Amino acid sequence: MKHLTFTWLIACITTFWTSSGWAQSVVVSGQVTGASDKAPLPGTTVSLKGTTTGTTTDASGNYRITVPNPDNATLVFSSVGFLSQEIVVGSQSSINAEMTADDRQLDEVVVVGYGTVRKSDLTGSLAQVKGKDIDAFPATNVLQALSGRAPGVQVTQNTGAPGASISVRIRGTNSIQGSNEPLYVVDGFPTSGSNPTIVNNSDIESIEILKDASATAIYGSRGANGVVIITTRQGKAGKMTVDYEGSYSIQSLRKKLDLMNAREYATFYNEQATNDKVTPYFTQDQINSFGEGYDWQNLVFQKAPMQTHNLTVSGGNEKTRFSVGGSVFKQEGIIRGSDYNRYSIRANISTDVSKKFNLSYGATLTKITTGRQNSGGGNRGGTLISAAISAPPTLTPYNDNGSYRVLATAYPFISNVLINPLNYLEQFTDNVDANRVLANAALTFKPFDGLAIKISGGIENNDDQTDTYTTTKFINSQGSASVGTVRQMSLLSENTISYIKTIAQKHSISAVAGFTYQDFLDKRLNASGVGFLSDITETANLGSAAVPGIPGTSYSFSTLLSYLARVNYSFNNKYLFTASIRADGSSKYSEGNKWGYFPSGAFAWRVSEEPFMKNVTFMTDLKARASWGLTGSQAIGAYATLNNLSAGKTVFDDALYNTFAPGTQLPGNLKWETTEQLDFGIDAGFLNNRVQLTLDYYVKNTRDLLNTVQLPIGFGFTSTIRNVGEIQNKGLEVSLSARVIDKAFKWDLNGNIAFNRSKVVKLEGGRDILGGSVGVTLISDAANLLREGQPMSVFYGYVEDGYTDQGRVKYKDLNGDNVINQLDKTIIGDPNPNFIYGLNSSMSFKGFDLTLFIQGTQGNNLVNVSSINNTLDYGFGLNMPREVYLNHWTPTNTNAKYPVISRANSYNYSNRFVEDGSYLRLRTIQLAYNLPLQALNVTWMRTAQIYASGQNLLTLTKYSWWDPETNSQGGANSIGQGIDHYSYPTSKAVTFGIRVGF
């Protein structure tokens, strides 16, 4: 009996404690989402702090976990690329977590050539720009978003026209004749164009800029100028999400030029008449009656709207994921009659056919229409912008009967090429209609864990048509039309095999090898006509022209076959090695020189993982890097090494015969341009990576430069292409990011600065190479110079030496022979900046976000060709800046800025026209408010943000003209740099927008 009683007592106690224990356990469930977009985060680890108990979220970001003793339990949420978060359970049975992205996460994966790698495992020099920064402000070209955000990357908008081309230089200029633009790779496709206008800003996930040879050598002959890898948004498993962004902007001229008013204009030209001993043009009564006169800048420039609309739908399950988006971008230019419109559709789909096979497909279809104005260049009012500045303020655009005023005959002293701007604005059209297609597909086979075989192919197709028409109402025009078509197509086949393996938890190996084929087709057709009875058909019926033009065509086709391999090895996560090689075979080169070989190697040491660094608590991470490699550039056309025949016609007796004869260019036996680059870098993290520092020092030497060389008269050919020399670029890049405050109020700072020094090391025979041009009636000369020992594209001209006793410009006799000629020219400026920089500040507090982005250059010069006519060309009635009227030479003002007002003056290309092009620009300022959807009990929306922003609202510069960010003669292969010749001005804008997610 006692035994039974004891057994019963033990059973009761056990049951009590067991019941008590179960009563203290609770099942906690919830969903994990991103803080910024409220998108589900599948694969997030949810663990019980201090234990090994844990789980992961499913495809919808949901989780369930059993928690004993919840009063004292803490859940830890962690996911790659996000800040870890801890939440005390307490009495809660449902806990939702919002994860904040960690921009400084070392485990974040970045895209490199033919693969990905963790940031912590990088051995090369790479900069990344996130999608949120790219989409910070509306822009016609995604490359504008790179300006100031990546160290060593200089972005210049050649003009401010809608859709204008962008020049990008990564670590300086490498080539004379070849392209200096980086290679653009969009979703794995190496594009053939120099500007990826096909991509919409809001569709981009991230952009990686590969800078050193270790990173770019895998692209071989296309990697010498760096590589820009653009990754568009991909679908993720989870609930389907819908995101919309719309904005509306008002653009305006950043500043007007302060020109002479009507009274000042008349007084000015009366003084010119007096100095040149002719009868004054205006009476005093006329001058008194003129008043301020007409402002021609107000006629040409306008406040212009710009709007964007972007819609993205993404989602999927564990098997199939998709992201589909559409966008509309519409921009009117600040010059009347100019505009840019882009319509895009994008789709990315990835599906796991089975556990071993994956099929992916991506395509972007874009239509672009551009209305251009004949705004740049010109002379004495012969183009739109020069006319807007030069037109006399004493005259109006219309005659009393409503017809266009003919400015060229308004006064006896006026320029005979000065055209009323209304002719361009209303009687001239220059429209481009472009269709862009970029599509690729890939099949990936994974026979076992770690091995992947990928077969991919793609197509890039660009079809452009340009229609230009000048009506019969345009002054001195019978009506003229021209049509040009361009078709560019590139086919790509890439086949790679990759392998990843970790051995004994210390040795990590990843390797990729493969071969690629890509071809490039370019076909062009041009036709024209002059003399039309009616303007109604414009360019639609060239056959109705009185004088049809002779059609012109061109064709080129080239191929590139490549073999590539790369191996990454890591020992104990401390010692990292990378080696790669690419062999490129190009159809452009002659036998024996068709193949180029481009190896690279890199080493990185994670110093912070060494035992002696464990006590250095303030330094979280420290990595030292070194790399070396060769990259190349093809730099010639498809048939430059062949003896080309040129078509012609000749007469025998009374018959006309077609002929073919050797061209004027002698074919040469050419080598590849090769760039050798050495890079040393340091990546450091402090205070638990709240502060991160990256330093890079590099030296690039490009040898066997290709350039066209003139041949002696009587040689039979006028020119040939030769390998002529060597260029060096070396520099220092510094990038610093910091989370300054990380509490309820958050403040992040990101800054970078880059110094680059270029030098022409060697030229054939030591002979100078001229480039760029100053092409106006008053002065005609080369603007830029390549000379051994000097930086690239320096300005070369005369040096002024005050004025003569009559107030005319004197020039220094530098060689002392008492004659001013070409021998007295010298270097008068440098378009290359001493350094470029950018600073981004992001602050947030209680739903408000304030972002400021500053960017600029320092130490670069500009040649103001615009000022030649409009400050010195005194004999042709051109209007000019007011300071010419206020500060010109007179017998009582001999130290004036401008010479005596006389049409008898003569000038040379000199340091007078070289100005300081440095600037500091508030590129973007944005204030945004994130609506508190949970507090408002709005469950059908994930996110909602409204914002107001300004672009280019403040620019600090000494440059006298419209804007220092210009490069009229810039281009992919142009050595004419730093020239402003009536460029379309850059605008400033105010934007209002909304971003919502469902």
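Our structure's up above, just so we're on the same page.
A. Up close: the pattern of salt bridges. Taken as a whole and judged by the stated rule, the model has 43 salt bridges. When the shortest N-O distance is used, the salt bridge between Arg-921 and Glu-965 registers 2.6 Å. Linking Arg-921 in strand E50 (residues 919-930) with Glu-965 in the loop between strand E51 (943-957) and strand E52 (979-980), this pair joins segments that are 44 residues apart in sequence. Accessibility classification places Arg-921 together with Glu-965 in one group, the buried group.

B. Focus on the sheet that holds strand E15 (residues 204-210). The sheet built from 5 strands is open, its strands ordered E10-E15-E16-E13-E14 with mixed pairing. Of all the strands in the sheet, just strand E10 (126-130) and strand E14 (189-190) have a single pairing partner and so form its edges. As defined by bridge partners, strand E13 (residues 183-186) adjoins strand E16 (residues 227-232) across 4 bridges and the pair is classed as parallel. Residue pairing in the sheet places Tyr-184 in a bridge with Val-228 of E16.

C. Structural view of unusual backbone geometry. Phi at Tyr-114 takes a positive value of approximately 60°, unusual for a residue other than glycine. Inspection of the secondary structure puts Tyr-114 in the loop between strand E8 (109-112) and strand E9 (115-118). Even without a glycine there, the phi angle at Lys-846 is positive, about 50°. Relative to the helices and strands, Lys-846 is located in the loop between strand E46 (835-845) and strand E47 (848-858).

D. A look at the pairing of strand E12 (residues 166-170). In terms of burial, E12 is largely enclosed, as 5 of its 5 residues are buried. Going residue by residue along E12, you find Ile-166, Val-168 and Ile-170 tucked away on one face and Ser-167 and Arg-169 tucked away on the opposite face as well. Of the strand pairs in this sheet, strand E11 (residues 153-157) and E12 are connected by 5 bridges, and their pairing is antiparallel. Note on E12: the bridge partner recorded for Val-153 is Ile-170.

E. Just the nonpolar core, in detail. Ranked by internal contacts, the top residues of the largest apolar core, which has 74 residues, are Ile-779, Tyr-874 and Tyr-909. When contributions to this core are tallied by element, the ones reaching two or more residues are helix H4 (262-275), helix H6 (296-300), helix H7 (384-390), helix H8 (421-427), strand E44 (809-811), strand E48 (861-864) and helix H9 (866-872). In terms of residue count, H7 provides more of this core than any other element does, 5 residues in total. Dropping the residues within four chain positions of it, Tyr-909 is found in contact with Val-774, Ile-779, Asp-781, Ala-782, Ala-783, Phe-795, Tyr-796, Gly-797, Tyr-798, Ile-828 and Val-863. Within the second largest apolar cluster, 25 residues are counted, among which are Val-142, Leu-146, Val-168 and Phe-189.

What counts and how
All residue numbers here refer to positions counted from 1 along the written sequence of the relevant chain. Totals for whole chains, interfaces and linings use every residue, but because this is a predicted model, local features are given only for residues with pLDDT of at least 70 and side-chain atom pairs only at 80 or more, for both listing and counting. Heavy atoms throughout the structure, all of them, feed into the side-chain values; hydrogens and water do not. A pairing counts as a salt bridge when a side-chain nitrogen of Lys or Arg comes within 4 Å of a carboxyl oxygen of Asp or Glu. Only DSSP runs of H or I reaching four residues or more are called helices, and only runs of E reaching two or more are called strands; each is numbered from the N terminus. The cut-offs for exposure are 20% and 50% of the maximum accessible area for each residue type, with area from a 1.4 Å probe on protein chains only; residues under the lower value are buried, those over the upper are exposed, and the others partly exposed. Pairing between two strands requires that DSSP report at least two bridges joining them. We call a set of buried Ala, Val, Leu, Ile, Met, Phe, Trp, Tyr and Cys residues a nonpolar core when their side-chain atoms join them within 4.5 Å. The contact rule is simple, with two residues in contact once any of their heavy atoms fall within 4.5 Å.

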